[in-house]
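Architecture and fold: a report
What follows is each chain in one-letter form.
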Amino acid sequence: MSALIDNAGYIYGAYAITFAVVGSFAWRAIRHGHRLGEEIDDADKYWT
Amino acid sequence: MTTTSDTLTDAPAPARRRGTGTPATRALGIATIVAMGWLVAFGLGFSPADRDQEEAVRILYVHVPTVWLAYLAFVVAALCSGLYLFTKKHSLGFDRVAGASAEIGVVFMALTLVSGMLWGRITWGVFWQWDARLTTTAFLFVTYVGYLAVRNLGGSHRQRARRSAVIGLLAVVEIPLVHFSVEMWRSLHQEASVANPTGGTKMDGLMLFSLFVGVVAFTLLYVWLLLHRTRGMAMQDLIEDRGLDSALADRRSEGAMS
């Protein structure tokens, strides 16, 4: 348990950085998609 | 007499234009969030400490899945690059999947390096060593950053697709070098605990399950991101094509008037 307390910053930091980065990337992908989607008719989107 | 509110009510509502989401991607996104929750629960909670690495082993439940998914993303990018170059149709769809996959791979590879540095600080006492595995991984990361830079050099979509496909096919050769670097050279980095050269798996059952949860979570995330980014790139290309068509039409009309 003391090892967890000693290294908590590195261990929780690894998870925090990972989730922060993938969360930001995912958020950016969605926002970018919404912005571009506004300029194009749904008929021209092969996934709709 | 028509009031302003009547006019507003009668006017046809502008059609809502969609982004890159569909019901399927929404379901996939929810599954990804749930799987990530399980990863945190198992990685930081249920999984036991390792005999040798103690609590530092918990970092490996994000470190290992991100590097495996980065490899997968780069292999997908190479496959799609090959399909673009060597099929008769030369579909730009393959190029966009390759570009989106490489982009996600770069993000995952960056996370691998950062989580590996944090693990190294606990285990080795330093964030970085110019060790064979670390150096080749950093080189792979820089190579794919270069691939993304080349994609943004400009030119037509066909030119972009052709030059990036060639790089995509060349860069993927580095993956075996990175993966087997711990066996080819003397390395600080540990050898594979799963599917190692002796064919065995040297992990406790609950630890292996935690790693499996991590792999599932990051695989779902990869597929979800790939769908969104590929669709985003398709829209970006369409908008650029329209801009070019419009510029050409303007130029022709100017020529006709003069």
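Everything in this summary refers to the structure shown in the same document.

Thresholds applied
- Residues numbered from 1 in each chain as written.
- Chains lettered and ligands numbered in written order.
- Predicted model: local features only at pLDDT ≥ 70, side-chain atom pairs only at ≥ 80, totals over all residues.
- Heavy atoms only, no water.
- Helix = DSSP H or I, 4+ residues; strand = E, 2+ residues; numbered from the N terminus.
- Buried < 20%, exposed > 50% of the residue type's maximum accessible area, 1.4 Å probe, protein only.
- Salt bridge = Lys/Arg side-chain N within 4 Å of Asp/Glu carboxyl O.
- Expected span 1.5 Å × (residues − 1).
- Contact = heavy atoms within 4.5 Å.
- Polar contact = N/O pair within 3.5 Å; in protein donor to acceptor, adjacent residues only side chain to side chain.
- Phe/Tyr/Trp six-rings, centres within 6.5 Å; stacked < 30°, edge-to-face > 60°.

Okay, the overall build of chain A next. Counting its regular elements, chain A contains 2 helices and 0 strands. Looking at chain A as a whole, 42% of its 48 residues are labelled buried.

Now for the pattern of salt bridges. Residues and elements named next belong to chain B. One pass over the structure, following the stated rule, counts 8 salt bridges over all chains. Notably, a salt bridge pairs Arg96 with Asp237, separated by 2.8 Å at the nearest N-O pair. Residue Arg96 is located in helix H4 (residues 92–123), and its partner Asp237 is located in helix H9 (residues 205–257); the two are separated by 141 residues in the primary sequence. For the pair shown, Arg96 and Asp237 are each scored as buried. Here Asp237 makes a salt bridge to Arg160, at a shortest N to O gap of 3.0 Å. Remark: Arg160 occurs in helix H6 (residues 157–171) and Asp237 occurs in helix H9; sequence separation between them is 77 residues. On the accessibility criterion, Asp237 (4% relative accessible area) is buried. The network of salt bridges with common partners includes Asp95, Arg96, Arg151, Arg160 and Asp237.

Relative to the 34 Å expected for 24 residues at 1.5 Å per residue, helix H2 (residues 23–46) of chain B spans 33 Å between its end C-alpha atoms, a close match to the ideal helical length. Taken together, the buried positions of H2(B) are B:Thr25, B:Leu28, B:Gly29, B:Thr32, B:Ala35, B:Met36, B:Leu39, B:Phe42 and B:Gly43.

Once that is clear, we can look at the environment of B:Ser181. Residues and elements named next belong to chain B. Checked against the element boundaries, Ser181 lands in helix H8 (residues 181–184). Note on Ser181: relative accessible area 0%, which makes it buried. Each C-alpha atom of the pair Ser181 and Arg133 lies 5.5 Å from the other, and the pair is 48 residues apart in sequence. Ignoring anything within four residues of it in the chain, the contact list for Ser181 reads Ala132, Arg133 and Thr136. Among the polar contacts made by the side chain of Ser181, one reaches the side chain of Arg133 at a distance of 3.3 Å. Side-chain polar atoms of Ser181 contact the backbone oxygen of Val178, separated by 2.7 Å.

On to the packing of aromatic side chains. Per the stated rule, a full pass over the model turns up 12 aromatic pairs over all chains. Centre to centre, the rings of A:Tyr15 and A:Phe19 are 6.3 Å apart; their planes meet at 45 degrees, and the pair counts as tilted. With A:Tyr15 and A:Phe19 both in helix H2 (residues 8–37) and 4 residues apart, this pair spans about one turn of that helix. A relative accessible area of 3% means that A:Tyr15 is categorised as buried. Aromatic side chains B:Phe74 and B:Tyr144 sit 3.6 Å apart centroid to centroid with 10 degrees between the ring planes, which places their arrangement in the stacked category. Within this pair, whereas B:Phe74 is found in helix H3 (residues 60–86), its partner B:Tyr144 is found in helix H5 (residues 132–151), the two being separated by 70 residues in sequence. Overall, B:Phe74 belongs to the buried group, its relative accessible area being 0%.

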